[in-house]
Amino acid sequence: MNGESRIVAVLGPTNTGKTHYAIERMLGHRTGVIGLPLRLLAREVYDKIVAIRGPSVVALVTGEERIVPPRTQYWVCTVEAMPEGMGTDFVAIDEIQLCADPERGHVFTDRLLRMRGTHETLFLGADTMRGPIAALVPQAQFARRERMSQLVYTGSKKISRMPPRSAIVGFSVENVYAIAELLRRQKGGAAVVMGALSPRTRNAQVELYQNGEVDYLVATDAIGMGLNLDVNHVAFSSLSKFDGRRMRPLAPNELAQIAGRAGRGMSDGTFGVTGEASPLDEGVAQAIMDSRFTPMKKLNWRNAALRFGSVDALIDSLEASPDNEHLVKARPADDLNALKSLAQVPEVAARASDGPSIRLLWDVCRIPDFRGISHAEHASLLESIFGHLHERGTIPEDFLARQIRRIDRTDGDIDALSKRLAYIRTWTYVAQRNGWVRDESHWRAETRAVEDRVSDALHERLTQRFVDRRTSVLLRRLKQKEALLAEVNDKGEVTVEGEFVGRLEGFRFIPDKSAQGTEAKALKSASLQALAPQFHLRADRFYNAPDTEIDFTDQGGLMWGEYAVGKLVAGAEPLKPMVEVFVDEAAGPEVEQKVQRRLQHFIDRKIAALFEPLLNLSRDEELTGLAKGFAFRMVEALGILPRAGVAQEVKDLDQDARGALRKHGIRFGQFTIFMPLLLKPAPTRLRLVLWALANGLQEFPEAPPPGLVTVPVAKGAPEGYDTMCGYRNAGERSIRIDMLERLADMLRAEDSRGGFEAKADMLSITGMTLEQFADLMQGLGYKAERGERTKIKPAQMAEQPPAATAEAPAETTEAEAQSDVAVATEAPAEATDSAEAEAEATAADPASDEPEVEVFYTFTWGRQANRGPRGDQRQGRGKPGGKPRDGRGKPQGKKGGKPQGAKTFSSRPPKKEKAIDPDNPFAAALMGLKDGN
């Protein structure tokens, strides 16, 4: 060493610019080497020097990376990888206080004692090293540097209340991941920095933080080793760590090293605790703020003068004790433990028989245990590598290719990729050793490429898991008070600043369901702010939309296309419902009013179109007296009134009043008074909704399928439901009221007292089997007596005189005509099947004389005269015993076989003293009775 060599210890707290000072000093010399504590920090310093002097004169040497240009002047290395015997003008060792580290301290101590520049040597570190340096390097000069900004303790804070630009420190991978996951949900995400990451992954993660995509960093204590980040606050999630052997509390100087990352340059910083970490003792906190710590007294040391005469001699030299009171023997490191293990393997012991082979064995043992699986597995891998190197001089390419190929995958989760990254680091280290592989440049490039691919995949997985880009983007823009740009596509998907945030359903924003908690609140707040212009554009489009784009549901909802935009609520009258809109408050009152007006216009026009006859009835000013009152009842009942409930009002109406009401399409039926036009499917569907609203029903019953004459009775339906559907309950089924009136016309010609059977027309009009028809008739008040008899064959039927056919009523509405068509296409399957079966049986055995039995029903009116429907009270004036039966069991009429019921068609002019209602279905029978009196 040159006698003029200058040795300076530049000591002080963090953020004093020591590393920057060392770079400046090195570049002032022709050649230099700087040793740094971390591979990550080495890469950062290398990039800075390359930016100043260019890549052709700067080398980077770490355990897993080796970039050495031919004209190298400046070497940037990890402390373990610093080349010896280079004779450079300048040497610097950063973070020299790591001499006291139980695992790596002996390496730093060795560099303190033996590494020198020919012109200048710098030791950079904490003030606590002043005593040991002065004792071990007497010629060293000391330079004190003060912190450029203040560091203030702020106590404990919840992670949810952590200020932006904070770094939260954890001391295990599990702890780091848990904190990062919590920050993703509450703050939009966090970058993750750990010593085990490759420089490529670490730089990509730091870039997320540095460029503001995320405001939080979660890291291990690796950030305490000189990594320069824009951190304002450092929070400790724990105050203890596992040091490789046991859990131990962090010393105040260790806490200060990490806390000092807060506040860069002239910006002040803060530090504190979070999570389960207890608040710092007041004295410890003050010591960190004042940078006052207990001076170091002992440095870890391991003998550098190794003996390679035998494996045992090598082990003994490594376990030698220091002869200086300021040094203490380091605990056995991983490389020494590996050497001891391999020395017990007979094959290894046999190979390590001379100096070169023992040196080779020692070099192999110094391969770091990147995988961290187990000591035995690591030793087994080292044994294999040593065997190849000793036997062949290099590692076989096919063996190396197989190892790398197993790792070269980018699928899997974070843990799987982290393990692959650790594995490839082993082979990257091997490829960096001179002479260990044949084609060094190829394998160095190959392992580096695999590491880069796995690193990129790991960065992607870390970002996917711990960064919600959309939330972080929106929160950042909100914080900066910038206008957010929202877009809504034709599917209603909403993107804000290019990030999907949810869906716009009508005029309500539905946030993405993957967001929860604080994240969801932030997402909705930012989205609604950005959506304000979209709400107005959508409201204008809705207001001008045709009625064909709007519809109502059976539950009273109002739809615009596939989206609900409001619902109907009860108004002052059944035909005047009101509208309640579904509009987000953020859309504003103007949008809400516009949507409300458009929906009110829609439902008003819908009612006007579907209930036009009823509205005309309500507005007819020519109606007076009882007719006007009855019209009011019809409007109130939405166009359908069971006759039994208004029997007296109908009786009181004179012929003029009835005529005025009939002009509006009102039909006075035997069972129901109704407006046939309102029985169509569309008015029926709307009538049910209006009726349910007026009656305050919580769940609206749905209308029966259109086109059916009868439907099953709805069990548990509200009272009056069948009437509003346009049906009347009768037994197990309900029959449409217009078809019921046609059936009543047919029944009017029958002898209700003497008994009659169902005609084919009766079954046809109802679309029922005989048994179903019997149940229907009982539901209408008739008695149905079941009987059996011998079936008359077609030949015998031909001998019987033709039955009288009732004349179809003249009054047939369009709805009834449509019903006839529907009924004609719905012939009972049972009747068809039985007819076919009978025909087949006859064809198979035409000579069979065995009598066949058929089932028939005889129907008689079953109610008391004063309880039956009007018109039934005086039907069938036969004797109490009824008519005698013929040979087939059918009721026998008068001479000529004409049923007595046919007499009800004959009439004479009514007496003037009391007019008979011609609309009464049994008017003819009443007039017949008067003639007989």
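Residues numbered from 1 in each chain as written. Predicted model: local features only at pLDDT ≥ 70, side-chain atom pairs only at ≥ 80, totals over all residues. Heavy atoms only, no water.

**Observations concerning the overall build of the chain**
Part 1: Looking only at helices and strands, the chain features 32 helices and 34 strands.
Part 2: A total of 933 residues make up the chain; the buried ones form 48% of that total.
Part 3: Counting contacts in the chain only where the partners sit at least 6 residues apart, residues at least 24 apart contribute 69% of the total.
Part 4: Accessible surface for the chain amounts to roughly 44400 Å². Of this, 50% is attributable to carbon and sulfur atoms. (Helix = DSSP H or I, 4+ residues; strand = E, 2+ residues; numbered from the N terminus. Buried < 20%, exposed > 50% of the residue type's maximum accessible area, 1.4 Å probe, protein only. Contact = heavy atoms within 4.5 Å. Areas by Shrake-Rupley, 256 points an atom, 1.4 Å probe, with all protein chains shown as cover.)

**Topic: the side chain of threonine 109**
Part 1: Counting through the fold element by element, threonine 109 comes out in helix H3 (residues 105-114).
Part 2: What makes threonine 109 buried here is its relative accessible area of 0%.

**Here we look at the pairing of strand S31 (residues 727-730)**
Part 1: Looking at chain direction, S31 and strand S32 (residues 733-736) are connected through 4 bridges and run antiparallel. Residue alanine 730 lies in a different strand from S32, and its bridge partner there is arginine 733.
Part 2: Here S31 hands over to S32 after 2 residues, with glycine 731 in that stretch at a positive phi of 75°. (Pairing = 2+ DSSP bridges.)

**A short note on the nonpolar core**
Part 1: In terms of nonpolar packing, the biggest core is built from 67 residues, with Phe507 and Phe630 touching the most fellow members.
Part 2: Not counting residues within four places of it along the chain, the set of residues in contact with phenylalanine 630 comprises Leu641, Val646, Glu649, Val650, Leu653, Leu661, Phe668 and Ile673. (Core = buried A, V, L, I, M, F, W, Y, C linked by side-chain atoms within 4.5 Å.)

**Some thoughts on the packing of aromatic side chains**
Part 1: Per the counting criterion, the structure on display carries 13 aromatic pairs.
Part 2: An angle of 15° between the planes, with centres 5.9 Å apart, marks the rings of phenylalanine 507 and tryptophan 560 as stacked. Of the two residues, phenylalanine 507 is situated in the loop between strand S21 (499-505) and strand S22 (508-511) and tryptophan 560 in strand S24 (residues 557-560); the sequence distance between them amounts to 53 residues.
Part 3: You can call phenylalanine 507 buried: its relative accessible area is 0%.
Part 4: Here the aromatic rings of tyrosine 857 and phenylalanine 859 are separated by 6.3 Å at their centres, their planes lie at 20°, and the arrangement is stacked.
Part 5: For phenylalanine 859, a relative accessible area of 0% corresponds to the buried category.
Part 6: Members of the aromatic cluster, each reached through a chain of ring pairs, are Phe756, Phe773, Tyr782, Tyr857, Phe859 and Trp861.
Part 7: One Lys or Arg, arginine 165, reaches over the ring of tyrosine 209 and ends 3.9 Å from the middle of that ring.
Part 8: Lying over the aromatic face of tyrosine 429, arginine 433 brings its terminal NZ or CZ to 4.2 Å of the ring centre. (Phe/Tyr/Trp six-rings, centres within 6.5 Å; stacked < 30°, edge-to-face > 60°. Lys NZ or Arg CZ within 6 Å of the ring centre and 35° of its normal.)

**Remarks on the sheet that holds strand S25 (residues 563-569)**
Part 1: Taken in spatial order, the 4 strands line up as S23-S24-S25-S26 in an open sheet, and their pairing is antiparallel. With partners counted over all chains shown, the strands left at the sheet margins are strand S23 (550-552) and strand S26 (578-581), one partner each. Pairwise comparison of adjacent strand axes, ignoring direction, gives a mean angle of 30° for this sheet.
Part 2: With 4 bridges connecting them, S25 and S26 associate as antiparallel partners. Bridge pairing links lysine 567 to glutamate 580 in S26. (Axes fitted to C-alpha atoms, helices over the stretch in contact; angles between N-to-C directions.)

**Considerations on the packing of helix H20 (residues 612-619) against helix H21 (residues 625-636)**
Part 1: Between H20 and H21, the shortest axis-to-axis distance is 9 Å and the interhelical angle comes to 145°. Considering only the axes of H20 and H21, their crossing is left-handed. Touching Leu614, Leu617 and Ser618 of H20 are Ala631, Met634 and Val635, all from H21. (Left-handed = near helix turned anticlockwise from the far one by under 90°.)

**Let's talk about the pairing of strand S6 (residues 90-93)**
Part 1: Alternating positions in S6 separate into two faces, Phe90 and Ala92 on one and Val91 and Ile93 on the other, with burial throughout.
Part 2: Direction of pairing for strand S2 (residues 32-36) relative to S6: parallel, over a ladder of 4 bridges. Counted as the bridge partner of valine 33 is valine 91 from S6.
Part 3: The sheet contact formed by S6 and strand S7 (residues 120-125) spans 4 bridges and is parallel. Within the sheet, the bridge partner assigned to alanine 92 lies in S7 and is leucine 122.
Part 4: Viewed along the sheet, the connection from S6 through H3 into S7 turns out right-handed. (Right-handed = clockwise from strand over helix to strand, strands pointing away.)

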